[in-house]
Amino acid sequence: MIRVVLPYHLRTLARVDGEVELDIAGQATQRAILDALEARYPMLRGTIRDHVTERRRPFLRFFACEEDLSHERPDAPLPDAVATGAEPFLVVGAMAGG
Amino acid sequence: MSQVRVLVGTRKGAFVLTSDGKRQRWDVSGPHFAGWEIYHLKGSPADPNRLYASQTSGWFGQVIQRSNDGGKTWETVGNKFAYDGVPGTHQWYDGTPHPWEFKRVWHLEPSLTDADTVYAGVEDAALFRTTDGGQTWNELPGLRGHGSGSSWAPGAGGLGLHTILLDPGSARRMYIAISAAGAFRTDDGGETWRPINRGLKSEGIPNPTAEVGHCVHRIAMHRSRPNVLFMQKHWDVMRSDDAGESWHEVSGNLPTDFGFPIDVHAHEPETIYVVPIKSDSEHFPPDGKLRVYRSRTGGNEWEPLTKGLPQQDCYVNVLRDAMAVDSLESCGVYFGTTGGQVYASADAGDNWAPIVRDLPAVLSVEVQTLPPSRAQV
């Protein structure tokens, strides 16, 4: 089980409270998490990564285990602590106000 | 008694304002989609309880919302706006080629006859259509591909397709406008397009009378006379009597002919409204006085409408999609400001009063005139 923390506006859009828990078959990677997340919450498609290029939207970052994983390859294995659910995978919006 | 539903898009959410035909007491619902920019929301003429909204964010991109109950509840629908084929480039502000990139939906125009068919005008400029209620969107590539697309350049707010007019007399004719490319028309349902900018003159481009490159801010028509078009250009208020084949200026005695919205009275095709703004450098009303100008002669002769509007220290703007009219017997006129006020006049502009004063900056205003049972939200 993998835990995902979404920013406020995406929790509202997906109509979820708190963390999202996902079961993923195979290795835990960014792509696997986002595929599973978008499958369960189709309204999130296009809001975290581009529909066409599948690249992370520029004002979002991926953090876990106190590390910035934003620039890791989408298929790179995530830390064991994320894969086991000990630590959450954080989708973070840039601190740009307005 | 008929009822009125005013759909307001703002920088921080959508609001639905409802009243009876007197238009004196209003119920305010919202914010819907709080914290998101709502560029535009509009109801289907074929089913007034079917609404569509463009919800957008610099962080999270584009979302499209649909309501089947007049705005009480909403559901997300498709938000994939992929350009047809290899998008290529348009001009950047400095004239260099710049890749076409989807940014957001500026305007949603539901079909006049089918609640599941909607046109979307997007930035970077292109026209999309759904025929399944918003689940899937496909570009009408003949517009960008008609030949001049690579020369289009963005206006200050971006390269947005902001106006979509459907000809009620001819299902295959429609007009669109792009900042800053100009106006275009199709006569075959969107397959092929051509620019319709003859008569426009814009000093800010290399050739002031070029076929494309004009910063058209808004076009309006009266449904009884779809060949007559009115345009608020960056500078100049223009008119065409031949479906856009040619334009002539009707700015007349306006204090300034810069502005954004333009609209037509619901029952008087020669009565039109604009909101003069001081200049493209100072986006607020001249002299701090918020005045709507009305022409009852299709342009050239204009009168200021001031009763109920602030006549001192007012420095708001009124954006291009933020004016609309209802179709009650005494035509109502509505507009929203960047200061968060939505003003309404129930007597064609003679008298004004704010419905709300303190919303986030208003991006768009649309109005639905409804039978009594359909306005509750």
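In this report, the structure presented in the accompanying data block is examined. In this text, all values refer to a predicted model and were calculated from it rather than measured experimentally.

## Some details on the pairing of strand β14 (residues 160–166) of chain B
Residues and elements named next belong to chain B.
And step 1. By the criterion of burial, β14 is predominantly enclosed, with seven of the seven residues buried.
And step 2. When β14 meets strand β15 (residues 174–179), the two strands line up antiparallel, connected through six bridges. Paired with Leu 161 across the two strands is Ile 178, which belongs to β15.

## Some remarks on the packing of aromatic side chains
Residues and elements named next belong to chain B.
And step 1. Applying the stated rule across the entire model yields 18 aromatic pairs over all chains.
And step 2. With a centroid separation of 5.4 Å and 50° between ring planes, the pair formed by Trp 152 and Phe 184 is classed as tilted. With Trp 152 in the loop between β13 (138–139) and β14 and Phe 184 in strand β16 (residues 182–186), the pair connects residues that are 32 residues apart, well separated along the chain. The burial state of Trp 152 is the same as that of Phe 184; both residues are buried.
And step 3. Within the aromatic cluster, the residues linked to one another by ring pairs are Phe 81, Tyr 83, Phe 102, Phe 128 and Trp 137.

## Observations regarding a negative patch on the surface
Residue and element names in this part refer to chain A.
And step 1. Residues Glu 66, Glu 67, Glu 72 and Glu 87 make up a contiguous surface patch of negative charge.
And step 2. Checked against the element boundaries, Glu 66 lands in the loop between β3 (60–64) and β4 (67–68).
And step 3. Judged by relative accessible area, Glu 66 falls into the exposed class, the value being 85%.

## Section: the environment of Ala180(B)
All names here are of chain B.
And step 1. For Ala 180, the position within the fold is in the loop between β15 and β16.
And step 2. Given a relative accessible area of 11%, Ala 180 falls into the buried group.
And step 3. Aside from chain neighbours lying at most four places away, what touches Ala 180 is Ala 153, Pro 154, Gly 155, Leu 159, Gly 213, His 214 and Cys 215.

## Considering the interface of chain A and chain B
And step 1. Listed per partner, the contact involves 19 residues of chain A and 17 residues of chain B.
And step 2. Across the chain A/chain B interface, buried area totals approximately 1,400 Å², and carbon plus sulfur atoms make up 58% of it.
And step 3. Counting the surface chain A buries against chain B, the share from its top three residues, His9(A), Leu13(A) and His51(A), is 35%.
And step 4. Between the two partners, chain A and chain B, sit zero salt bridges.
And step 5. Along the contact surface separating chain A from chain B lie six residue pairs in polar contact (both at pLDDT 80 or more).

## Things to note about the sheet that holds strand β30 (residues 362–370) of chain B
Residue and element names in this part refer to chain B.
And step 1. Reading across from one edge, β3-β2-β1-β30 is the order of the four strands in this open sheet, with antiparallel pairing throughout. Edge positions in the sheet fall to β3 (27–32) and β30, since each has one partner strand and no second. Averaged over all adjacent pairs, the angle separating strand axes in this sheet is 15°, with direction ignored.
And step 2. As judged from the eight bridges shared by strand β1 (residues 3–10) and β30, these two strands associate in the antiparallel manner. Directly across from Val 8, in β30, lies its bridge partner Val 365.

## A few points about the sheet that holds strand β19 (residues 229–233) of chain B
Pairing between sheet strands relies on hydrogen bonds along the backbone, with the strands arranged either parallel or antiparallel.
All names here are of chain B.
And step 1. Spatial strand order, β18-β19-β20-β21: four strands in an open sheet with antiparallel pairing. Of all strands in the sheet, those bounded by a partner on one side alone are β18 (216–221) and β21 (248–249).
And step 2. As paired strands, β19 and strand β20 (residues 237–240) are joined by four bridges and run antiparallel to one another. Bridge pairing links Phe 230 to Arg 239 in β20.

## Observations regarding the environment of Val250(B)
Residues and elements named next belong to chain B.
And step 1. Position of Val 250 among the secondary structure elements: in the loop between β21 and β22 (262–264).
And step 2. The exposure class of Val 250 is buried, given its relative accessible area of 1%.
And step 3. Setting aside anything within four residues of it in sequence, one finds Val 250 in contact with Val 237, Met 238, Arg 239, Gly 298, Gly 299, Asn 300 and Trp 302.

Calculation notes
Residues numbered from 1 in each chain as written. Chains lettered and ligands numbered in written order. Predicted model: local features only at pLDDT ≥ 70, side-chain atom pairs only at ≥ 80, totals over all residues. Heavy atoms only, no water. Buried < 20%, exposed > 50% of the residue type's maximum accessible area, 1.4 Å probe, protein only. Helix = DSSP H or I, 4+ residues; strand = E, 2+ residues; numbered from the N terminus. Pairing = 2+ DSSP bridges. Phe/Tyr/Trp six-rings, centres within 6.5 Å; stacked < 30°, edge-to-face > 60°. Patch = residues over 30% accessible without salt bridge, like charges linked within 9 Å, V, L, I, M, F, W, Y side chains within 5 Å. Areas by Shrake-Rupley, 256 points an atom, 1.4 Å probe, with all protein chains shown as cover. Salt bridge = Lys/Arg side-chain N within 4 Å of Asp/Glu carboxyl O. Lys, Arg positive; Asp, Glu negative; His and termini not counted. Charge placed at Lys NZ, Arg CZ, Asp CG, Glu CD. Contact = heavy atoms within 4.5 Å. Buried area = accessible area lost by both parts, 1.4 Å probe. Polar contact = N/O pair within 3.5 Å; in protein donor to acceptor, adjacent residues only side chain to side chain. Axes fitted to C-alpha atoms, helices over the stretch in contact; angles between N-to-C directions.

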